[in-house]
Amino acid sequence: MKVTEAKFICGAVDPRGFPKDGLPEIAFIGRSNVGKSSLINSLLGTKKLARTSNTPGRTQQINFFKVNGQFYFVDLPGYGYARISKAQRQELQRLLEKYLAPRDTFMLSILLVDSRHLPTELDLQMKSWLEQHARPVLVVLTKSDKLSNNELRNQLIEIRAALGTDQVIPYSAVTGKGKEALWNSILTQIGVGN
Ligand code: GTP
Ligand code: MG
C-alpha cells in the first residue's frame with residue numbers, strides 16, 4: 001500500500017467530535033501499552049503522527065487519522081491499565097463503548113496482542129464482543145522483534161489456540177515485519193484496491 005497522504009484529523013472525547021464524512025474506519029484495539037499508536041505510525045510510514053509512550057495510558061481520547069483521503073485509522077485508548085483511578089478507568093470505558101457499539105462507519109477491528117504474552121481475559125472478551133457485533137477482527141501480535149524466531153513460533157501456536165483463530169499476523173513496529181501482510185488483509189477487508 002502506498003500511503004500518499006496521512007493526516008491527523010481530530011481527537012475526540014465525545015461522539016460529537018467524531019468525523020462526519022462517512023468514510024470507513026479501521027479501529028486499533030488492545031490493552032494499554034500493547035503498541036496501538038506505534039502500529040499506526042508504522043503502517044503509515046511516519047514516526048510521530050500517533051503519540052506513543054513508555055507510560056501506559058498515553059492515548060486518552062479517540063484519534064482519527066485520514067489515509068489517502070479514503071478511510072480513517074482510529075487510535076483508541078487502551079484498556080486494562082490498572083494504575084489509574086477507578087473513575088478515570090470508567091470514563092475511558094464509557095468512551096470506548098460510545099465508539100464501538102453505535103458507530104456505523106466502524107468496518108474493521110485490528111485487535112493487538114503482545115506476542116510475548118497470552119491474550120488476557122479482557123482481550124478474549126473484546127474479541128467475542130466484536131464478533132457478536134459483526135465487526136470483522138484481524139489479530140496482530142505486536143513487538144515480535146523481542147522474541148527469537150523459535151520463541152515466536154511457539155507463541156504463535158499458543159496464541160492461535162487461545163484465540164481460536166489462525167488469522168493472526170506477527171508484527172514489529174521496529175523492523176516493519178508483517179507490514180505488507182497486514183496492509184493486504186486490511187485492504188481486502190474494506191474492499192479498497194491496493
Ligand atoms: P496506550 O496509548 O497507552 O494504550 O499505548 P499503545 O498501545 O498506543 O502503545 P504505544 O504504541 O504507545 O507503545 C508502547 C511502548 O511499546 C512504547 O515504548 C513503544 O516504543 C513500544 N513498542 C510498540 N511497538 C513495538 C514493537 O513492535 N517493538 C518494540 N520493541 N517496541 C514496541
Ligand atoms: Mg496509544
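Residues numbered from 1 in each chain as written. Chains lettered and ligands numbered in written order. Predicted model: local features only at pLDDT ≥ 70, side-chain atom pairs only at ≥ 80, totals over all residues. Heavy atoms only, no water.

A. Geometry of the layout of surface pockets. Of the volumes computed, that of the largest pocket is approximately 660 Å³. Surrounding the largest pocket, 32 residues form its lining, Gly35, Ser37, Ser38, Leu39 and Thr52 being those nearest its centre. Among the elements that make up the lining of the largest pocket, the one with the highest residue count is helix 1 (residues 36-44) (six residues). Its residues assigned to classes, the lining of the largest pocket comprises six nonpolar, 18 polar and eight charged. The computed volume of the second largest pocket comes to approximately 400 Å³. Lining the second largest pocket are 20 residues, with Tyr79, Gln93, Leu96, Leu122 and Met126 sitting closest to its centre. Those elements giving two or more residues to the lining of the second largest pocket turn out to be helix 2 (86-100) and helix 3 (121-132). Split into classes, the residues belonging to the lining of the second largest pocket amount to ten nonpolar, eight polar and two charged. (1 Å grid on protein atoms, 1.4 Å probe; cavity = no way out; pocket = protein on both sides within 12 Å on 5 of 7 lines; lining within 4 Å. Points joined across faces, edges and corners; volume = space filled by probe spheres on them. Helix = DSSP H or I, 4+ residues; strand = E, 2+ residues; numbered from the N terminus. Nonpolar A, V, L, I, M, F, W, Y, C, P; charged D, E, K, R; others polar.)

B. Looking closely at the pairing of strand 2 (residues 25-30). The element strand 2 is largely enclosed, with a buried count of six among its six residues. Residues Glu25, Ala27 and Ile29 point to one face of strand 2 and Ile26, Phe28 and Gly30 to the other, with burial holding for every one of them. As defined by bridge partners, strand 2 adjoins strand 4 (residues 71-75) across four bridges and the pair is classed as parallel. Residue pairing for strand 4: Ala27 is matched across the bridge by Val74. Of the pairings in the sheet, the one linking strand 2 to strand 5 (residues 106-114) comprises six bridges and is parallel in character. Following the sheet pairing, Ile26 is matched in strand 5 by Leu108. (Buried < 20%, exposed > 50% of the residue type's maximum accessible area, 1.4 Å probe, protein only. Pairing = 2+ DSSP bridges.)

C. The arrangement of helix 3 in detail. In this model helix 3 runs 16 Å from its N-terminal to its C-terminal C-alpha over twelve residues, within 8% of the 16 Å that 1.5 Å per residue would give. Those residues of helix 3 that sit buried are Asp123, Met126, Lys127 and Leu130. All buried residues of helix 3 lie within an arc of 100° about the axis, which places them on one face of the element. Every exposed residue of helix 3 that faces more than 90 degrees away from the buried side is listed here: Glu121 and Gln132. Contact partners of the buried residues in helix 3: strand 2, helix 2, strand 5, strand 6 (137-142) and helix 4 (149-163). (Expected span 1.5 Å × (residues − 1). Arc of directions from axis to C-beta. Contact = heavy atoms within 4.5 Å.)

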